[in-house]
Amino acid sequence: MFLLIDIGNTRTKWMLRDKDRIYKHDSFLTEDIDQDHFEFDVAIKKILISNVAGFEKEAILKIKLKKFSCPVEFIKAHKKLNHLINNYQDATKLGTDRWLSALSVSHEIKKTTVIVSVGTAVTIDYVSFDEKKSQHTFEGGVILPGLHLTKNALANNTADLKNSEGVVQMPPINTANAIESGFVLSVLGNIKSLFDLASSESQDVEIILSGGDAELIDQHMYKSLKKYVSIKKDLVLEGLFIFASH
Ligand SMILES: Nc1ncnc2c1ncn2[C@@H]1O[C@H](COP(=O)(O)OP(=O)(O)OP(=O)(O)O)[C@@H](O)[C@H]1O
Ligand SMILES: CC(C)(CO)[C@@H](O)C(=O)NCCC(=O)O
């Protein structure tokens with residue numbers, strides 16, 4: 001049995017699973033990481049963790065997990081693993097969550113893929129597929145502030161932009177809708193740019209959406225791209241399981 005933990009900047013997602021079955025799947029706010037979340041009485045072979053929320057969270061979690069008396073591994077991006085090559089300038093500097101998502105895709109999808117994670121930050125990554133070599137390459141990608149961060153940055157640094165709920169509207173005719181629409185359109189525009197780049201190299205490109213706000217982007221996806229899009233929520237946890245089994 002493996003305990004897999006994905007520590008994001010806002011939410012921590014975790015899963016207890018083995019080869020055949022998922023036994024538990026839950027999440028909590030990362031700021032509550034010092035509380036007792038892992039209460040079960042089963043023998044765990046290994047705990048694998050993806051952490052993009054900083055060293056302090058890692059230190060707290062290490063203490064919390066001592067009670068399981070099993071190996072605990074914090075994963076870092078590799079230059080090459082299985083059929084995935086990582087072309088980031090410094091391979092180990094690629095966010096573990098981005099790399100594990102690419103690892104998951106490289107096992108599941110034999111196609112060039114644009115991986116979009118819409119969480120605290122938004123990342124849009126281009127993973128190419130070489131059919132002849134049966135090999136995927138993480139080619140690169142963009143990072144943007146997520147919806148919550150975008151709203152907070154505007155509210156905290158301007159006089160008149162309050163943090164309120166808006167909807168996508170074209171053209172937007174009030175402040176809240178202008179901010180919400182601006183965020184969604186900027187993510188869509190970036191997806192289109194990375195999709196076009198991927199399509200210049202490959203005729204068969206998929207777009208995978210993940211993260212807390214994936215549905216928001218999916219709802220407004222360009223009509224011309226809809227047929228290439230699917231949502232997969234647990235890419236990072238799936239990547240951790242592939243890593244555990246490699
Ligand atoms: N208090 C909050 N702080 C930050 N984000 C929030 C909050 N409440 C809701 N959200 C929304 O939840 C989303 C978080 O999604 P998700 O669960 O994918 O994040 P995450 O795993 O923390 O992200 P990441 O992996 O980028 O750190 C954000 O995009 C934001 O819109
Ligand atoms: C971009 C985030 C915050 C997305 O969760 C994470 O992957 C991260 O902290 N990455 C490190 C920097 C990088 O990937 O270039």
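Just so you know, these numbers come straight off a predicted model, no measurement behind them.

Trainee: Which residues make up the domain arrangement of the protein chain, and what values go with them?
Mentor: On domain assignment, one finds that the protein chain holds domain 1 (2-74) and domain 2 (80-235). With 7 residues of domain 1 in contact, the opposing surface of domain 2 contributes 5 residues. Together, the buried faces of domain 1 and domain 2 total about 480 Å²; carbon and sulfur atoms form 53% of this surface. Here domain 1 and domain 2 share 0 salt bridges between them. Our count for the contact surface shared by domain 1 and domain 2 stands at 1 residue pair in polar contact (both at pLDDT 80 or more). Taken together, the residues of the side of domain 1 that touches domain 2 break down into 2 nonpolar, 5 polar and no charged.

Trainee: Please set out the site of ligand 2 residue by residue, giving values where relevant.
Mentor: The environment of ligand 2 is made up of N9, V52, Y88, K93, L94, G95, D97, R98, T123 and I143. A distance of 2.6 Å separates an oxygen atom of ligand 2 from a polar side-chain atom of Y88. D97 places a polar side-chain atom, nitrogen or oxygen, 2.5 Å from an oxygen atom of ligand 2. Of the residues in the shell around ligand 2, the class split is 4 nonpolar, 3 polar and 3 charged.

Definitions and cut-offs
Residues numbered from 1 in each chain as written. Chains lettered and ligands numbered in written order. Predicted model: local features only at pLDDT ≥ 70, side-chain atom pairs only at ≥ 80, totals over all residues. Heavy atoms only, no water. Domains from an automatic or database assignment. Contact = heavy atoms within 4.5 Å. Buried area = accessible area lost by both parts, 1.4 Å probe. Salt bridge = Lys/Arg side-chain N within 4 Å of Asp/Glu carboxyl O. Polar contact = N/O pair within 3.5 Å; in protein donor to acceptor, adjacent residues only side chain to side chain. Nonpolar A, V, L, I, M, F, W, Y, C, P; charged D, E, K, R; others polar. Near = heavy atom within 4 Å.

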